[in-house]
Structure formats: structure tokens, C-alpha cells
Amino acid sequence: MKTQALKGMRDLLPNEQTLRDYIQGKILETYRASGFERISTPMLEDMENLDKSDGGDNLNLIFKVLKRGDKLTAALNSGDPKELSDMGLRYDLTLPLSRFYAANKDKLPHPFKVIQTDRVFRAERPQKGRLREFVQCDIDILGDESPNAEVELIDVTTRALLGIGFDGFTVNINDRRILRGMLESMGFAADTLDSVCITFDKMDKIGADGVKAELLEKQLPESAVNALADFIAAGEVTLDAVAARCADPAIADDLKYVLAAANAMATGRYQVAYCPSLVRGQGYYTGMVFEITCPQFSGAVAGGGRYDNMVGKFLGTQVPAVGFSIGFERVCGILLEQGYQIPGAKQKIALLYGKDADFTAVLSKAAALRDTYNVTVLPQGKKLGKQLGQLEAAGFAGAAFMDKDEVKVFAAQ
């Protein structure tokens, strides 16, 4: 039998899991102190719900689950591949939350401030930074249409990142409505805006010339592409300049408010910036979107936005909603690479005992030592030097012995 985990999935060694438990605990501590409550939803969702969730490219990455028994036989006989599956693994936590809220809204506070930390699945092509199974760490506010919801999510998420040791980051904010308004004024058709936005979102990677070339490859109107290229080339793309090209410039007022409030909350601990090319890939975003980037790391460590139409797909009436997700896997990976040490963590030692030792006395001594250390009890090996070397290599800080009072601290410590 194969010992390796499936591609795109992985086993976690004890030191990795210890760090993940700590990071998740610190994030949850910040979230709960801010009044957010944790829920859980099933890993599997109805396939029809997933298909209608406006998840952008993620809809092509759903792990679909085959029907069972007679239903599978009937589906196979139909010859229609779409009939083979009736459920799939969730690709993020937003669709499950929307369904959960629609089913339970009468039992929930208003507005509902919610935490989700759970596994999600995407049929990615496995590579560094892209897994098929990973943990998302979300907070959302449902039922608040005011921009204060965005401000609060930015405040809570940045405090969580600061609490686990991140600093010097930038919160990038945009509003899809403003960007779409500007693009329409330049001559892009409404039904092409999503495609244009996806390309525009790549500007920090491929540059203005790359954006222009890709839009022309998509056979979009040359006059509109040139208008966008000229606007970018004119210099700094300010919020006022973008808003002035919209039919209603007042559409930028909420974004200006969020930028000002978030800057006031930052108090110099991090930066807040308007990012006109920020779009985010999910189609369900309806207004403001945001990402957190660190200058020393490529890619974002957190992201989110407003998705006012998602719950309405279940209820038939619109429910305002906005969420922010910390890239838990990315954050943990960065901290592991940096050799992050958990602040205030007790050192780990082994209490070694001989074969004739009274085991209840061993456990009693271990309990006393736990006031100072995390203690593992182990039978003493025949080759003590080799055993101590193995313990040191495994991350133990030292060893104690049943017949001695002192703790032997390893040299590396």
C-alpha cells in the first residue's frame, strides 16, 4: 500500500500541527473577543447550489461526488455526464455560510457576526502554494448593509494578523462598482466587464502593456482598450479620477469612507491603500473587495469582499453580506519558513524512567514538572546517549530522570 498522501494533500508533522493549533487559537481569540461566533457546516454541498454560486474559476475545480446505487446506474444509462453527480466538496466557505444563514436566520442574531475555520477542497493542479485540501479562516457579517461592516472586518482581521506577528503589511481596497462604471464609460460592453476585470487584476504581474495585449487578444473593442491604456499611462490612477468617469461619481463615497476609517484605525501599524486593479476572482462579489499583502512575500495573506446577492439565491430576498478570509495555509507556511517560535510556550522535556520504576511515581513526578515544562514520560533506552540525541533532534529541550532532581538541558537550547 502507498505511504504518500495524495497529490495536493499532505500529512502534518507534530511541529507543524503545533504551530497551526497556536495560530488558529490566536486568530480565534481575536475574533471571539470582537463578538464573532463560530459555526460549522458539512464538507459536502448540493451540486446544484455549487453550480449556481458564481464562484468564478473555482467552479471548474469542484470535486464532484458520484451518485450511488440505482441513481448512479440511471445516470450512466442517460449518457449525460451532468447527471452523474448530485453533490460536491465545498471549494470555499462562503456558499455554505449563505445556505446556513438562509436555513437558520430566525435563530441567529441580527446582524450575524460569524467565524468559520475549516477545510475546503479544490481540484487544483498541485504545485507550491496550491493544495487540493486546505484550511480557510473566515469572518463574515450578514445583515449589515453599511460600510461600517467593511471597516470592522478590516479592523478585526488586521488585529488578528498583528497578534500572530505580521507587520508592515498593506490593506488594499477597491469597489467593483466603481471599476465597472469606469470601464463601461470607456466603451466596454456590460457583458464583457468580468473578463476585462480579470485581466485588469493582473496589472501588478504583467504591467500595463501586458493588460493591453491580453485585452486585445480577447478581441475587445480597440477603442475601449486604448482608452483604458491611455488612462493608466496618464499616471497615478486616483480614486477621484476613476470616480469622475462613472455615471454617478457619488458611488465612490462608501469607499472613501472605508479608506479614511481604516487609515484612522491603522495608527501607523500598517498601510491602507486604494488599489484600482484589485478585482478578486469570485463572481459573487458585488461591491468592495480587499486584500492584504506583505512587501516581503509574493501574493496575498488575506482577502475578501461584499457579496450581497448570495443569500438571496436561497431566500429570494437580498441579505447584505461581507466577509474577510485569512490565508491560513499561507500564513502558517511563512511562519514555519521563518522559524517562528510560539511566544511563552513551555519547553518540552522527556522524563526517563527505568524498567523497575514505580510508574505511578513516574506520573506523579511528571505532573510536578509540568508546572515548568511540557513533559513526556518515556522508558530509558539501553543506549542513553543515542536516546538523548534522538530527543534533541525531535525538538526536546532536555531530559529529566526518575533518580535525579535536575533537568539535563541540551546544548542547542
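The structure presented is a predicted model; accordingly, all values stated were derived computationally and were not measured.

Asker: Outline the nonpolar core, listing residues and values.
Answerer: With 73 residues, the main nonpolar core has Ile23, Tyr31, Phe166, Ile173, Leu183 and Phe188 as its most contacted residues. Here the element with the most residues in this core is helix H5 (residues 148-163); it accounts for 7 residues. Dropping the residues within four chain positions of it, Tyr31 is found in contact with Phe36, Ile115, Cys137, Asp138, Ile139, Val156, Ala160 and Ile326. Among the nonpolar cores identified, the runner-up in size contains 23 residues, and Met47, Leu50, Tyr91 and Tyr285 belong to it.

Asker: Before we move on, can you summarise the domain arrangement of the protein chain with the specific residues and values?
Answerer: Split by domain assignment, the protein chain resolves into domain 1 (169-266) and domain 2 (348-409). Each of domain 1 and domain 2 has a C-alpha centre, and the two are 62 Å apart.

Asker: Which residues make up helix H6 (residues 176-185), and what values go with them?
Answerer: Within H6, burial applies to Arg176, Ile178, Leu179, Gly181, Met182 and Leu183. Phi turns positive, to about 110°, at Gly187, one or two residues after H6.

Asker: Hey, could you go over the packing of helix H7 (residues 193-200) against helix H8 (residues 203-217) for me, with residue numbers and the actual values?
Answerer: At a minimum axis distance of 8 Å, the contact between H7 and H8 shows a crossing angle of 140°. Here H7 is positioned oblique relative to H8, judged by the angle of their axes. Contacts between H7 and H8 involve Val196, Thr199 and Phe200 from the former and Met203, Val211, Glu214 and Leu215 from the latter. Grouping the amino acids of the contact of H7 with H8 by side-chain chemistry returns 5 nonpolar, 1 polar and 1 charged.

Asker: Could you give an account of the packing of aromatic side chains, naming the residues involved and the relevant values?
Answerer: Geometry of an aromatic ring pair is reported as the spacing of the ring centres plus the angle between the planes. If you walk through the whole model with that rule in mind, you get 8 aromatic pairs. When the ring of Tyr101 is compared with that of Phe112, the centres are 6.3 Å apart and the planes differ by 25°; the resulting orientation is stacked. Residue Tyr101 is located in helix H4 (residues 94-104), and its partner Phe112 is located in strand E5 (residues 112-121); the two are separated by 11 residues in the primary sequence. Classification of Tyr101 as buried rests on a relative accessible area of 6%. Its relative accessible area of 2% is what places Phe112 among the buried residues. Relative to Tyr307, the ring of Tyr284 has its centre 6.0 Å away and its plane inclined at 65°; by these criteria the two rings are edge-to-face. With a gap of 23 residues between them, Tyr284 in the loop between strand E8 (271-274) and strand E9 (288-293) and Tyr307 in the loop between strand E10 (300-306) and helix H12 (312-315) connect regions that are remote in the sequence. Judged by relative accessible area, which is 4%, Tyr284 ranks as buried. A network of ring pairs unites the aromatic residues Phe100, Tyr101 and Phe112 as a single cluster. The ring of Phe396 has Lys348 lying over it, and the distance from NZ or CZ to the ring centre is 4.5 Å. Here Lys404 stacks its cationic end above the ring of Phe401, 5.1 Å away from the centre of that ring.

Asker: Report on the pairing of E10, specifying residues and quantitative values.
Answerer: Most of E10 sits inside the fold, with 6 of its 7 residues counted as buried. Once E9 ends, the chain turns through 6 residues before running back antiparallel as E10, passing Gly299 with a positive phi of about 85°. As judged from the 5 bridges shared by E10 and strand E11 (residues 321-326), these two strands associate in the antiparallel manner. Looking at the pairing, Ala302 lines up with Ile326 of E11.

Rules used throughout
- Residues numbered from 1 in each chain as written.
- Predicted model: local features only at pLDDT ≥ 70, side-chain atom pairs only at ≥ 80, totals over all residues.
- Heavy atoms only, no water.
- Core = buried A, V, L, I, M, F, W, Y, C linked by side-chain atoms within 4.5 Å.
- Buried < 20%, exposed > 50% of the residue type's maximum accessible area, 1.4 Å probe, protein only.
- Helix = DSSP H or I, 4+ residues; strand = E, 2+ residues; numbered from the N terminus.
- Contact = heavy atoms within 4.5 Å.
- Domains from an automatic or database assignment.
- Axes fitted to C-alpha atoms, helices over the stretch in contact; angles between N-to-C directions.
- Parallel < 35°, antiparallel > 145°, perpendicular 65-115°, else oblique.
- Nonpolar A, V, L, I, M, F, W, Y, C, P; charged D, E, K, R; others polar.
- Phe/Tyr/Trp six-rings, centres within 6.5 Å; stacked < 30°, edge-to-face > 60°.
- Lys NZ or Arg CZ within 6 Å of the ring centre and 35° of its normal.
- Pairing = 2+ DSSP bridges.

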